[in-house]
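As a plain string of letters, each chain reads:
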Amino acid sequence: MTNPVKRTQTINATPPDKKVNFLDNPFIRTFIKSRWYPGIFQWTAMVVFSIIVYELVAGTVNPSRNFGTSMTWVLWWPAIPILFLVLGRFWCAVCPFGKISDIVRKLVGSERPMPKFLKKYGIWLIDIFFIMITWSDHIWGIVESPRGSGYLLLLLTTMVIATSVFYERRTFCKTLCFLGGLAGNYSRSGMVELRGTPEICKTCKSQSCFKGDEKVEGCPMFEFVRTMDNSADCNLCGNCVKTCPNNSIRISPRKPTAELWGIKKPKTEHAFLAAVIMGIVFVQNITMLEIWQQILDVISKVTQTTNYNVNFTVAFIISMVLPIGLLWVTAKLTARKETAEKVKENFVRFGYAIIPLDLAGHLAHNLFHALTEGKAIWFNTFNLFGYKITGDLSLTSAGTVQIMQYIVVVLGLVGSAYSVYRIGGRASWKKLLPYYALMIVLGAANIYLFSLPMMHRV
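Residues numbered from 1 in each chain as written. Predicted model: local features only at pLDDT ≥ 70, side-chain atom pairs only at ≥ 80, totals over all residues. Heavy atoms only, no water.

When helices and strands are tallied, the protein shows 21 helices and two strands. Taken against the 2.2 N^0.38 rule, which gives 23 Å for 458 residues, the C-alpha radius of gyration of the protein at 24 Å falls within 12% of a compact globule. Dimensions along the principal axes, computed over C-alpha positions, put the protein at roughly 85 × 60 × 45 Å. Per-residue burial for the protein yields a buried fraction of 52% across its 458 residues. Across the protein, every contact between residues at least 6 apart in sequence was considered, and the portion connecting residues at least 24 apart equals 80%. (Helix = DSSP H or I, 4+ residues; strand = E, 2+ residues; numbered from the N terminus. Rg over C-alpha atoms; globule rule 2.2 N^0.38 Å. Buried < 20%, exposed > 50% of the residue type's maximum accessible area, 1.4 Å probe, protein only. Contact = heavy atoms within 4.5 Å.)

Dropping the structure here:
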């Protein structure tokens, strides 16, 4: 007969799975705990940001020759989805707006608690601001106008300063920044996560990761590591690493999209934003195609006006409503004769599966700008120092860009389809078929749009 004591010892002797922790590396841990992190990145970004804003507001009005325009829309905007995928919300740790908030609060901030209204509806406000800014770009030509881009950045800076004077931590970043919503959704697909060690955190009494200490502020995004189960609001700023007295924090790699598979508290506003982003990707592509004018002509017959603002707004609304409607119909099909609550639950849970395709569509669209206008960054940087360089702006051919776009979209489609599989509890393909079909439809729509010749906006 097997000795039960020996058997128990054998089972307990099996080491549990342990995730890789980048903080086990002495250099990385020392750097993140030092005052140089993330300061060295923040001040570098602040310097570049200042130059960009100056050039946008006071430089040439020719977007192709403006340093600020090329750095913002040809380099930064295409790079953002890659950063979110590889490093999560790290950009938010070094973002100039965040640093401005820190400085203002240190000098004149009153540190009032975030208003309850913002706590409750902050994500919805972010959704609305993101939609409004995208709509405004096409109505007033913000991307094509260095002045428009500059004034937008100054407006956002003013909002950052105003909220930082009155409220604690990074209230603006948490509840009002349009990029914050995008960052939160995309970072859920990211390849890096910061978490605490449950066995250590449950015995900790200091809560310094949230409250901070005499030298370092608590989490600027109001996150409590002990209960954190997602990366949507983690900036990887390192404050919790600096203040944790027990070395409980780990920063680990993970599989892309892994977080989407088991969201504990899925929210309607996140699923809504995921569907809206897909619609915005559609409209961004459509307005750069030769058929755009034909689409406007069709809409004008319905609206009985040739006013561009009116007809674009109609197209914009249709582009956003379409993915939301398709997701809702799919949720209803899978709920069958069950309650309305079940339809909503399906809508919210499987809405997260669209995020990988969102990220792919965003990246694929902006590959066009980065690779067909990329030399503008080089030329306009030299122009700052008085060296006038001109020439073809493209880094590669349009055909090569299209192939890369197709590859990116297919990878996004695989990520979304696998997320459906995991969110659905690995159910049979027949039960999840409507969601697979939805992802294929959205992916195919992206591929079709990228197959058509695109025109430059800048």
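Taken as a whole and assessed by the stated rule, the structure comprises 27 aromatic pairs. Residues F27 and F31 carry aromatic rings whose centres are separated by 6.4 Å and whose planes lie at 5° to one another, so their mutual orientation is stacked. Of this pair, F27 and F31 both sit in helix α2 (residues 26-33), four residues apart, which is roughly one turn of that helix. With relative accessibility at 64%, the residue F27 sits in the exposed group. (Phe/Tyr/Trp six-rings, centres within 6.5 Å; stacked < 30°, edge-to-face > 60°.)

Quick look at a nonpolar patch on the surface now. Together, V47, I51, L384, F385 and Y387 line one region of the surface with nonpolar side chains, adding up to about 510 Å² of accessible area. Tracing the sequence through the fold places V47 in helix α3 (residues 39-58). (Patch = residues over 30% accessible without salt bridge, like charges linked within 9 Å, V, L, I, M, F, W, Y side chains within 5 Å. Areas by Shrake-Rupley, 256 points an atom, 1.4 Å probe, with all protein chains shown as cover. Salt bridge = Lys/Arg side-chain N within 4 Å of Asp/Glu carboxyl O.)

Looking at the secondary structure, you find H365 in helix α18 (residues 355-372). Beyond its immediate stretch of four places on either side in the chain, H365 contacts Q284, N285, M288, Q405, F450 and M454.

A separate point is the pattern of salt bridges. Side chains bearing opposite charge may pair, as long as their charged atoms lie close to each other. Scanning the entire structure with this criterion turns up 15 salt bridges. The shortest N-O distance in the salt bridge between E111 and R105 comes to 3.6 Å. Of the residues examined, E111 reaches a relative accessible area of 37% and is grouped as partly exposed. A salt bridge links K174 to E223; its shortest N-O distance comes to 3.5 Å. Of this pair, K174 sits in helix α9 (residues 171-175) while E223 is found in the loop between α12 (208-211) and α13 (239-243), placing the two residues 49 residues apart along the sequence. Accessibility classification places K174 together with E223 in one group, the buried group. Each of K19, R188, E193, R195, R250, R254 and E259 takes part in salt bridges that share partners, so that together they form one network.

This part takes up the packing of α18 against helix α21 (residues 429-451). Running from N to C, α18 and α21 cross one another at 0°; their axes reach a closest spacing of 11 Å. By the criterion of interaxial angle, the relationship of α18 to α21 is roughly parallel. Between α18 and α21, the contacting residues are L357, G361, A364 and H365 on the first element and M439, L442, G443, N446 and F450 on the second. For the contact of α18 with α21, the class distribution of residues is five nonpolar, four polar and no charged. (Axes fitted to C-alpha atoms, helices over the stretch in contact; angles between N-to-C directions. Parallel < 35°, antiparallel > 145°, perpendicular 65-115°, else oblique. Nonpolar A, V, L, I, M, F, W, Y, C, P; charged D, E, K, R; others polar.)

Within soluble globular proteins, side chains that are nonpolar generally end up buried alongside one another. Within the largest apolar cluster, 120 residues are counted, with the highest numbers of intra-cluster contacts made by L179, L194, L236, I249 and V420. Counting residues per element, this core draws most heavily on helix α14 (residues 268-286), which supplies 12 residues. Not counting chain neighbours up to four residues away, the residues in contact with I249 comprise N21, L23, R29, L194, R195, G196, V225, C240, V241 and C244. (Core = buried A, V, L, I, M, F, W, Y, C linked by side-chain atoms within 4.5 Å.)

For the structure on display, the rule yields zero disulfides. Summary of cysteine pairing: C204 is not part of a disulfide, and the nearest cysteine sulfur, belonging to C244, is at 6.3 Å. Residue C204 is classed as buried on the basis of its relative accessible area, which comes to 17%. Between C234, a free cysteine, and C240, which holds the nearest cysteine sulfur, the sulfur-to-sulfur gap is 6.3 Å. Looking at C234, the relative accessible area reads 12%, which means it is buried. (Disulfide = S-S within 2.5 Å.)

To continue, consider α14. Since the α-helix turns once every 3.6 residues, residues separated by three or four places project in the same direction. Helix length check: α14, at 19 residues, gives a terminal C-alpha distance of 27 Å against a target of 27 Å (1.5 Å per residue), a fit within 8%. Within α14, 17 of the 19 residues are buried, which leaves it mostly tucked inside the rest of the structure. (Expected span 1.5 Å × (residues − 1).)

Right, let's get into the packing of α18 against helix α20 (residues 398-423). Relative to each other, α18 and α20 sit at 170°, their axes nearing to 8 Å. One finds that α18 runs roughly antiparallel with respect to α20. Every residue of α20 that contacts α18 at P356, L357, A360, L363, A364, H365, L367, F368, L371 and T372 is listed here: V401, M404, Q405, V408, V409, G412, L413, G415, S416 and S419.

This part takes up unusual backbone geometry. Geometrically, the link from Y37 to P38 is a cis peptide bond, its omega value of -5° lying close to zero. Unusually for a residue other than glycine, L236 sits at a positive phi of about 55°. Checked against the element boundaries, L236 lands in the loop between α12 and α13. Accessibility expressed as a relative area gives 12% for L236, which makes it buried. With a phi angle near 60°, Q304 is a residue other than glycine that sits in the positive phi range.

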